[in-house]
Amino acid sequence: LEAEAVPEVSEKYGISSVPTFLFFKNSQKVDRLDGAHAPELTKKVQRHASSSSVSAACNDSTKEDLNVRLKKLINAAPCMLFMKGSPKEPRCGFSKQIVEILNKHGIAFSSFDIFSDEEVRQGLKTYSNWPTYPQLYVAGELIGGLDIVKELEASGELDSICPKAQKLEDRLKMLINKAPVMLFMKGSKQVAKCGFSKQIIEIINNTGVDYETFDILEDEEVRQGLKTYSNWPTYPQLYVKGELVGGLDIVKELKDSGELLPILKGEN
């Protein structure tokens, strides 16, 4: 269908982008896909083509399974936003506004793109008895949509209702002190993703001292922030009892001088 040629159909099914694919079975809409995602389209076509018609009992079971899934999604984070698109790329004006408000107030939240799952998109409306998106949940409870969030912001209640994002400095302190010996590296103990990280792991492993690692490739905020926090521009970085020891060159020097083991054990 040419979306603009049949506006009543486009309106009925909430077509906000083209192409949009709608899946029907027995005259009932069972799924949708917004945007040109060829692999996802193939997956959905195959799934719906292979599924046979289900009994009423099975439908009840499916409904129950969906409710369990919705509850898990709602409780996936202390503050959950169900929106169109993602915080970086909102796909409607209301979603964009609510993200801007939450970010302005430094609120920590996770999000779910309701365009990515038609079952969740339709099911959550019934589950929460709230017909539109975005929807904001705190501690598993529905707060409401954009209008409610705007009212809470205006009354000053938003800051007390929603959890604040942890400051980067506090987060870095927590990570550095997560274990007596912490190594910030590229990759993990099992799979080092650079030569320097591999060498430092081999040296520490030979001491027999227990340690934990953090993969800086997985978190750009930590990767950049720790350089400034520790005033050390490169990785890996080794910390003992919350204090920076240094990188690979320092660790090699300490190993050669016989000082490394006492330092790792916190004796020096």
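In this report, we go over the structure that sits alongside the text. Every chain is numbered independently, its residues counted from 1 as its sequence is written. Residue-level local features of this predicted model are given only where pLDDT is at least 70; pairs of side-chain atoms are given and counted only at 80 or more, and the full residue set underlies all totals for whole chains, interfaces and linings. For the side-chain quantities, the full set of heavy atoms in the structure was used; hydrogens and water were omitted.

1. Re the packing of helix α9 (residues 195–207) against helix α11 (residues 248–257)
Going by this rule: Throughout, an axis means a line fitted to C-alpha atoms (over the contacting stretch in the case of helices), and angles, computed between N-to-C directions, take values from 0 to 180 degrees. Under the DSSP-based scheme used, a helix requires at least four consecutive residues in state H or I and a strand at least two consecutive residues in state E, with every element numbered from the N terminus. Throughout this description, any angle smaller than 35 degrees is read as roughly parallel, any larger than 145 degrees as roughly antiparallel, any in the 65 to 115 degree range as roughly perpendicular, and the remainder as oblique. The crossing is said to be left-handed when, going from far helix to near helix, the turn is anticlockwise and less than a right angle, and right-handed when the turn is clockwise. The contact criterion used throughout is that any non-hydrogen atoms of two residues lie within 4.5 Å. When residues are sorted by character, Ala, Val, Leu, Ile, Met, Phe, Trp, Tyr, Cys and Pro go into the nonpolar class, Asp, Glu, Lys and Arg into the charged class, and all the rest, Gly among them, into the polar class.
Between α9 and α11, the shortest axis-to-axis distance is 10 Å and the interhelical angle comes to 25 degrees. Between α9 and α11, the angle is such that the two are roughly parallel. Viewed along their axes, α9 and α11 form a crossing whose handedness is left-handed. Mapping the contact onto sequence places Phe-196, Gln-199, Ile-200 and Ile-203 in α9 and Leu-248, Val-251, Lys-252 and Lys-255 in α11. Taken together, the residues that form the contact of α9 with α11 break down as 5 nonpolar, 1 polar and 2 charged.

2. As for the packing of helix α8 (residues 168–176) against helix α10 (residues 220–230)
Put simply, α8 and α10 touch, their axes get as near as 10 Å, and they point 90 degrees apart. Between α8 and α10, the angle is such that the two are roughly perpendicular. Here Leu-168, Glu-169, Arg-171, Leu-172, Lys-173, Leu-175 and Ile-176 of α8 lie close against α10, whose contacting residues are Glu-221, Val-222, Gly-225, Leu-226 and Tyr-229. Here the contact of α8 with α10 is built from residues that sort into 7 nonpolar, 1 polar and 4 charged.

3. Observations concerning the pairing of strand β5 (residues 135–138)
Threshold: Only protein chains enter the calculation, and the probe is 1.4 Å; a residue is then buried if its accessible area is under 20% of its type maximum, exposed if over 50%, and partly exposed in between. In short, DSSP must find at least two bridges between two strands for them to pair.
Side chains Gln-135 and Tyr-137 project from β5 onto one buried face, and the interleaved Leu-136 and Val-138 project onto a second face that is buried too. Examined bridge by bridge, β5 and strand β6 (residues 141–144) share 3 bridges and lie antiparallel to one another. Note on β6: the bridge partner recorded for Tyr-137 is Leu-142. Following β5, the chain reverses through 2 residues before pairing antiparallel with β6; Ala-139 in that reversal takes a positive phi of roughly 55 degrees.

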